[in-house]
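Structural overview for review
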Amino acid sequence: MSRKFKSTVAAALALFVSVGAADAATTVKFWHSFNKSSGQALDKIIANFEAANPGIDVEAEFVGNYNDIIAKLQAAIPARRAPDAVILEVTRYGLFANNNILTDLTPYFDADPLKADLYDYAQEVGVINGKNYIVPFNSSTPVLYFNKDIFQRAGLSADTPLKTFDEILSVAKTISDKLGTDGVSGIAAPGQFARWGLVMANDSELVDPKTGEILLDKPNTIEAYQWMASLVHENKVASPDGVTEEDNGRDAFLAKKVGIMFNSTGNYGEAKKAIGDNLVVRPMPCNKTCSVPIGGAGIGIMATSPKEVQDAAYKFVSYAASPEANAVWFAATGYLPINKKSAALPVAKEALATQPGIDVAIESLPNAHGRARTTVVTWMRTTEYKMWQAMALGQRKVEETMKDFAEQTRAEEKRVGN
C-alpha cells in the first residue's frame, strides 16, 4: 500500500471519527420564556455549559411567556412534539407533575451535591407530595418600584411611606392630580403576580399552600381585590390599558409615564436600564401583615424523553442552578440567588455594590412563602385574568365576582382531582 494511499485512508478515518463524535452529541431541546436581556444572559449560561460539556447540545427556544408555555406544551404533548426540558412557573407545574408528564427528579436531585447549596425555599418549590419535579432557575418575589424623578415633580419625597394600601393610594392620587396633564399616571395596574402578593399583604391567600383550600371568597382576599380594582375604576390612578394587557403597565413605567409599579424582581435589569438612577426599589406593602409570594420558574424534564436525554438534561438543570451560572443570572436580571454560594462570586458582588435596589428581594426572603401548586391552580390562574378584568373595569362588583370565582374553582377542583 502506498504511503499516499495510507495517508488518504488515515485522513478519511479521522474525518469519520470526528463526524461520528459530533453525531454522538446528545441534543436537549429546551423551551424557555426569556428574551431581551434575560435571553442574552441565558445564552451565556448555555454557552458556558456546552463548553464544559462538549457531548451535550442545548437547543434553546423562546416560546413566549409562562402562559404561552403551558398552552403550547398542552398542544405539543399529544402531537409528540414536546421538548425535553422546559421552564415551568412554580405554581403551574402541578398540572403536568400530577399527570405523570414530568420526570420525577428526586433520584437525580438527592444524589446531586448541588442540593445542599440551595436555599431552603429553592429546595421546596419543586416538591409535590414528597417528589421533586422541577429544579428552580429563576426565582423572584414581587417588589415595589417607583420613579424618583416623578415623585419629585409631584412634590413627593423619595422617603414617602409606601407600606400600606392607603399610603400607596394617596401617593398615586398626588401624582395623577399633579402630573396627569403631562400624561403621567400614579400607578400601574398590578399584574397577576403582584395581585397575589397584595392579597398576601392583606393577610390572605388565593389557595392555601398547605391544605389546598380555596380562599378566593375570604373577606381579606375580597378586600384586597376591592382596593386593587379601585385603582382603575373608582380612583382612576391606573390606566385600564394595563388591565387588558398587563405588559402595558410595565411598559408605561419603563417609558417614565407611571410613578409606581408592582412587579417581579426579574424586571429589575430592564427597569434599571430604562429609569437609571431614578429607579427606587422597595419591599411590597405590609397592609395587614408582611408576606410575599415566591415566584419565577424552574426547569422540568419530560418523562417521554429517552433516558440518555433525561440524563443530559439534568446535567444542564444542575449547572443552571450552580453558583457560577446563578451568579451570572442574578447580576444580569435581578432574579433572586437560589444558590447560597452565588452572592460571594465576583459578578454577584459587583451587582450588589453597583446596582442599588437589587438586594431588596433578598431582604424580603424572611417574609417570602411558596404558593399552592395543586392541579387546579393552573385553571384558577388562567381564569383569574378575566375575573380581574371584569372587576377592574367596573363590569362586575368585586364581592359578587370573587364568590362566583371561588365556586367555579371548587367545581373545577372536583372535576380534575388533586
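In this report, we go over the structure that sits alongside the text. (Residues numbered from 1 in each chain as written. Predicted model: local features only at pLDDT ≥ 70, side-chain atom pairs only at ≥ 80, totals over all residues. Heavy atoms only, no water.)

**Some words on the overall build of the protein**
Helix and strand content of the protein: 20 helices and 13 strands. The globule rule puts the C-alpha radius of gyration for 418 residues at 22 Å, and the 24 Å found for the protein is close to it. For the protein, the spread of C-alpha atoms along the three principal axes comes to 95 × 50 × 35 Å. Taking contacts inside the protein between residues at least 6 apart in sequence as the whole, the part at least 24 apart equals 76%. Only carbon and sulfur atoms are counted for the fraction: they give 52% of the accessible area of the protein, which is about 18,100 Å². Across the protein, the 43 positively charged side chains and the 48 negatively charged ones have centroids separated by 3 Å. (Helix = DSSP H or I, 4+ residues; strand = E, 2+ residues; numbered from the N terminus. Rg over C-alpha atoms; globule rule 2.2 N^0.38 Å. Contact = heavy atoms within 4.5 Å. Areas by Shrake-Rupley, 256 points an atom, 1.4 Å probe, with all protein chains shown as cover. Lys, Arg positive; Asp, Glu negative; His and termini not counted. Charge placed at Lys NZ, Arg CZ, Asp CG, Glu CD.)

**Things to note about the packing of helix 10 (residues 192-201) against helix 19 (residues 376-392)**
Packing of helix 10 against helix 19 leaves a shortest axis separation of 11 Å and a crossing angle of 95°. Between helix 10 and helix 19, the crossing angle belongs to the class labelled roughly perpendicular. Along the contact surface, helix 10 presents Gln192, Arg195 and Trp196, while helix 19 presents Val377, Met380, Arg381, Glu384, Tyr385 and Trp388. (Axes fitted to C-alpha atoms, helices over the stretch in contact; angles between N-to-C directions. Parallel < 35°, antiparallel > 145°, perpendicular 65-115°, else oblique.)

**Remarks on the packing of aromatic side chains**
Tallying each qualifying case throughout the model produces 13 aromatic pairs. Considering the side-chain rings of phenylalanine 30 and phenylalanine 316, the 5.4 Å spacing of their centres and the 65° angle between planes classify their relative orientation as edge-to-face. Separated by 286 residues along the polypeptide, phenylalanine 30 in strand 1 (residues 26-32) and phenylalanine 316 in helix 15 (residues 307-320) bring together distant segments of the chain. Aromatic pair phenylalanine 137 and tryptophan 329: ring centres 4.5 Å apart, planes at 40°, arrangement tilted. Residue phenylalanine 137 is found in strand 6 (residues 135-140), and its partner tryptophan 329 is found in helix 16 (residues 323-333); the two are separated by 192 residues along the sequence. This pair shows no difference in class: phenylalanine 137 is buried, exactly as tryptophan 329 is. (Phe/Tyr/Trp six-rings, centres within 6.5 Å; stacked < 30°, edge-to-face > 60°. Buried < 20%, exposed > 50% of the residue type's maximum accessible area, 1.4 Å probe, protein only.)

**Points about the sheet that holds strand 2 (residues 56-62)**
Strand order in the open sheet formed by 5 strands is 2-1-3-12-6, with mixed pairing between adjacent strands. Two strands close off the open sheet at either side, each with one partner strand: strand 2 and strand 6. Mean inter-strand twist for the sheet, computed between neighbouring axes without regard to direction, equals 20°. The pairing of strand 1 with strand 2 spans 7 bridges and is classified as parallel. Residue threonine 26 lies in a different strand from strand 2, and its bridge partner there is isoleucine 56. (Pairing = 2+ DSSP bridges.)

**Digging into the layout of surface pockets**
As a volume, the largest pocket reaches approximately 1,200 Å³. Lining the largest pocket are 45 residues, and of these Asn65, Asp247, Arg250, Asn263 and Asn267 lie nearest its centre. The residue inventory of the lining of the largest pocket, partitioned by class, reads 14 nonpolar, 21 polar and 10 charged. Counted as a void, the second largest pocket has a volume near 470 Å³. Lining the second largest pocket we find 22 residues, and of these Asp208, Pro209, Lys210, Arg371 and Ala372 sit closest to its centre. (1 Å grid on protein atoms, 1.4 Å probe; cavity = no way out; pocket = protein on both sides within 12 Å on 5 of 7 lines; lining within 4 Å. Points joined across faces, edges and corners; volume = space filled by probe spheres on them. Nonpolar A, V, L, I, M, F, W, Y, C, P; charged D, E, K, R; others polar.)

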